[in-house]
Amino acid sequence: MEGGDTVEEMYLTVKELAELKGCTERHIQNLIQNQKIIAEEVKTNRQGPGRGGIQYRIPLSSIDKKLQSKFKRRLKAIEKQAEPEQLPAEVDLED
């Protein structure tokens, strides 16, 4: 791409990738810790039990192409559901 046309990287959460792969979040976390999956650590201000506010972001481009396609299909379906339904032009709402 030229002239500053950049595509912003999309990231998945551990939960999203686990759902795509049909496995547990813990399994994905283990794969990340064993460097089988590329992920970025993001520190959050989260309080409470767990990893002390550390979350993982998995670049979409780093996962299998089939899983990328599956994720994009799900994303489109969600976006389509979020679109407001359009009424036909001849409907009179004041009756």
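Residues numbered from 1 in each chain as written. Predicted model: local features only at pLDDT ≥ 70, side-chain atom pairs only at ≥ 80, totals over all residues. Heavy atoms only, no water.

### Brief notes about the sheet that holds strand S1 (residues 11-12)
Next, step 1: Read across the sheet, three strands follow the order S1-S3-S2 without closing on themselves; strand pairing throughout is antiparallel. Since the sheet does not close on itself, it has two edges, and those belong to S1 and strand S2 (40-43), each with one partner.
Next, step 2: Direction of pairing for S2 relative to strand S3 (residues 54-59): antiparallel, over a ladder of four bridges. Considered in S3, the bridge of valine 42 is made with glutamine 55. (Pairing = 2+ DSSP bridges. Helix = DSSP H or I, 4+ residues; strand = E, 2+ residues; numbered from the N terminus.)

### Some details on the packing of aromatic side chains
Next, step 1: What the rule picks out here adds up to zero aromatic pairs.
Next, step 2: If you follow arginine 57 out to its NZ or CZ, it ends over the ring of tyrosine 11, 3.7 Å from the centre. (Phe/Tyr/Trp six-rings, centres within 6.5 Å; stacked < 30°, edge-to-face > 60°. Lys NZ or Arg CZ within 6 Å of the ring centre and 35° of its normal.)

### Looking at the environment of isoleucine 54
Next, step 1: Within the fold, isoleucine 54 resides in strand S3.
Next, step 2: It is 5.9 Å that separates the C-alpha atoms of isoleucine 54 and threonine 44, two residues lying ten residues apart in sequence.
Next, step 3: In contact with isoleucine 54, other than residues within four places in its own chain, are Glu41, Val42, Lys43 and Thr44. (Contact = heavy atoms within 4.5 Å.)

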